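Read off the chains here:
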Amino acid sequence: MTSATENSPRQGAAVWQFLKDQRVWVASAVILLLLAVFDPSQAPESAAFAGAALLHTAPYLLFSIAVAAWAGATGADNLVARAFTGSPLLMIALGALAGGLSPFCSCGVIPLIAALLTMGVPLSAVMAFWLASPIMDPSMFFLTAGVLGVEFAVAKTFAAVGLGLFGGFAVHLLSHSGALNDPLRDGVGNGGCGGSKMRAPKPVVWKFWTEAERRGKFTATAWTTTLFLAKWLLLAFILESLMLAWIPAETVTSTLGGEGLLPIITATLVGVPAYLNGYAALPLVGGLIEQGMAPGAGLAFLVAGGVTSIPAAMAVWALAKPKVFAIYLGLSLSGAFAVGLLFQLWHTV
């Protein structure tokens, strides 16, 4: 009896620790279970939506995961680290340009962001790439031009690069205080380790598969990164499906209509919870502009929503420490309002 009594608390503690470690998976399962009980028709729709969204982002995710694992296994991250030892301002500019032109979505680029920060690349340059990447990519440019016009597509491209520059320079100034050291959460990576790579670079072994230790590192990195992304993206896409199902488009339309400065502010703030996704949001904004919404408000909505959409925000929250997440949101919202205001002024001149 005594042995059973002693084992019971231990088993309870073990179960609690397991649930704590797997809380993201558990949250997704609980949400689907609650939907199955209280809204049976929505449960399979949310599951199907999440599955389709994961399949859609899979090519970008697999490429990003492979690059991150390959860089660690070969030691090529040393080359990247040495490449980022120049002028911080130049790195910020290059990061913003690369982000505005890259084909990565906000979630698919997360493994690369983690790898860069782990290598010791300054957060300012990474933040420039991080902010610009979700807003524009080559396919998004042509789709935006087709739906909203070439002028709007060009403006959105400039907004992506401009937001990256703004965020990179702001983080560069904040970093001087030392408050942004070690931006990654525990267990994700550590920028300090990357610093040692730049101080004492090691040779690169391109044929990493010839060494068992490096093969193991590649497999382990790829597997842990895949699990990390899968659990957070599954939860994010389930929540996004509920937002699409429970927030009528008419509500968004009535909230964002009108002209003047107030709609730009409203569009910036509403873009956070009401944003659908980069492609679905375009026809919505097109319809709003046809109904009289100011173009600046439309651009602010697309920029703010693109950077702070549920999948993007949750990916950042999972990867970065809370203070970095707060800075990310602050830069996103203030930058989105600024580009919306500038685009509106361009139209009134």
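Nothing here was measured: the structure is a model prediction, and the numbers come from that model.

Some points on the overall build of the chain
(1) Moving on: The helix and strand tally for the chain stands at 17 helices and zero strands.
(2) Moving on: In the chain, which comprises 349 residues, the proportion classed as buried is 45%.
(3) Moving on: Long-range contacts, defined here as pairs at least 24 residues apart, represent 83% of the contacts in the chain between residues at least 6 apart.
(4) Moving on: Accessible area of the chain: about 16,600 Å², with a carbon and sulfur share of 71%.

Topic: the packing of aromatic side chains
(1) Moving on: Evaluation of the coordinates by the stated rule reveals six aromatic pairs.
(2) Moving on: Between the aromatic rings of phenylalanine 152 and phenylalanine 343, the centroid separation amounts to 5.4 Å while the plane-to-plane angle is 85°, which identifies the pairing as edge-to-face. Of this pair, phenylalanine 152 sits in helix H9 (residues 150-175) while phenylalanine 343 sits in helix H17 (residues 322-348), and the two are 191 residues apart along the sequence. Of the two residues, phenylalanine 152 and phenylalanine 343, both sit in the buried class.
(3) Moving on: Ring geometry for phenylalanine 208 versus phenylalanine 218: centroids 5.1 Å apart, planes at 25°, classification stacked. Of the two residues, phenylalanine 208 sits in the loop between helix H10 (191-199) and helix H11 (212-246) while phenylalanine 218 sits in helix H11, which places them 10 residues apart along the sequence.
(4) Moving on: Here phenylalanine 208 falls in the buried class, since its relative accessible area comes to 10%.
(5) Moving on: In this structure an aromatic cluster arises from ring pairing among Phe208, Trp209 and Phe218.

Let's talk about helix H7 (residues 123-132)
Residues spaced three or four apart along an α-helix face the same direction, because each turn holds 3.6 residues.
(1) Moving on: Of all 10 residues in H7, 10 are buried, a share of seventy percent or more.
(2) Moving on: For H7, the full list of buried residues reads Leu123, Ser124, Ala125, Val126, Met127, Ala128, Phe129, Trp130, Leu131 and Ala132.

Some thoughts on the environment of phenylalanine 49
(1) Moving on: Along the polypeptide, phenylalanine 49 turns up in helix H3 (residues 42-74).
(2) Moving on: Counting along the chain gives 185 residues from phenylalanine 49 to leucine 234, while the straight-line C-alpha distance between them is 9.8 Å.
(3) Moving on: Those residues in contact with phenylalanine 49, other than ones at most four positions away along the chain, are Phe237, Glu240, Ser241 and Leu244.

Notes on the side chain of threonine 268
(1) Moving on: Mapping threonine 268 onto the fold places it in helix H13 (residues 261-274).
(2) Moving on: According to the relative accessible area criterion, threonine 268 is buried, its value standing at 3%.
(3) Moving on: Those residues in contact with threonine 268, other than ones at most four positions away along the chain, are Ala300, Ala304, Leu333, Ala336 and Phe337.

Quick look at the confidence of the model for the chain
(1) Moving on: Put simply, the chain has an average pLDDT of 78, and 75% of its residues get 70 or more.
(2) Moving on: Confidence, read as mean pLDDT per element, is least for H10 in the chain (39) and greatest for H9 (92).

Let's talk about the nonpolar core
Nonpolar side chains in soluble globular proteins tend to end up buried together.
(1) Moving on: If you look at the biggest cluster of nonpolar residues, it comprises 74 residues, and the most contacted ones within it are Met127, Trp130, Leu302 and Val303.
(2) Moving on: Ranked by residues supplied to this core, first place goes to H11 with 10 residues.

Some words on helix H8 (residues 138-148)
(1) Moving on: Listing the buried residues of H8 in full gives Met140, Thr144, Ala145 and Leu148. Seen along its axis, H8 keeps its buried residues to an arc of 135°; they face one direction. Exposed side chains of H8 directed beyond 90 degrees from the buried face belong to Phe142 and Gly146.
(2) Moving on: Looking one or two residues beyond H8, the residue adopting positive phi is glycine 149, at roughly 105°.

Focus: the packing of helix H5 (residues 88-101) against H7
(1) Moving on: Viewed as axis vectors pointing N to C, H5 and H7 meet at an angle of 20°, and their least axial separation amounts to 7 Å. Comparing the axis directions of H5 and H7 gives the class roughly parallel. The handedness of the crossing between H5 and H7 is right-handed. Contact residues: Met91, Ile92, Gly95, Ala96, Ala98, Gly99 and Gly100 in H5; Ser124, Ala125, Ala128, Phe129 and Ala132 in H7.
(2) Moving on: Looking at the contact of H5 with H7 residue by residue, the classes come out as eight nonpolar, four polar and no charged.

Analysis parameters
- Numbers given for residues are sequential positions, taken from 1 along each chain in its written order.
- The model is predicted, so local features are restricted to residues of pLDDT at least 70 and side-chain atom pairs to those at 80 or more, both for listing and for counting; the totals for chains, interfaces and linings are taken over all residues.
- The side-chain values count all of the structure's non-hydrogen atoms but skip hydrogen atoms and water molecules.
- A run of H or I in DSSP becomes a helix once it reaches four residues, and a run of E becomes a strand once it reaches two; helices and strands are each numbered from the N terminus.
- For every residue, the accessible area obtained with a 1.4 Å probe (protein chains only) is divided by the maximum for its type, and the residue is called buried under 20%, exposed over 50%, and partly exposed between those limits.
- Note on contacts: a residue pair qualifies if any of its non-hydrogen atoms lie within 4.5 Å across the two residues.
- Note on areas: Shrake-Rupley with a 1.4 Å probe; residue coverage comes only from the protein chains shown.
- Only Phe, Tyr and Trp rings are paired, with Trp represented by its six-membered ring, and only when their centres lie within 6.5 Å; those with planes under 30 degrees apart are stacked, over 60 edge-to-face, the remainder tilted.
- A residue's pLDDT is the predictor's confidence in that residue, given on a scale from 0 to 100.
- The set of buried Ala, Val, Leu, Ile, Met, Phe, Trp, Tyr and Cys residues whose side-chain atoms join them within 4.5 Å is what this entry labels a nonpolar core.
- In this description, one arc is meant: the one made by directions from the helix axis to the C-beta atoms.
- Axis definition: a line fitted to C-alpha atoms, over the contacting stretch in the case of helices. Angles run 0 to 180 degrees between N-to-C directions.
- Angles below 35 degrees are treated as roughly parallel, those above 145 as roughly antiparallel, those between 65 and 115 as roughly perpendicular, and all remaining angles as oblique.
- Take the far helix as your reference; a near helix turned counterclockwise from it by less than a right angle gives a left-handed crossing, and one turned clockwise gives a right-handed crossing.
- Amino acids are sorted into nonpolar (Ala, Val, Leu, Ile, Met, Phe, Trp, Tyr, Cys and Pro), charged (Asp, Glu, Lys and Arg) and polar (every other residue, Gly among them).

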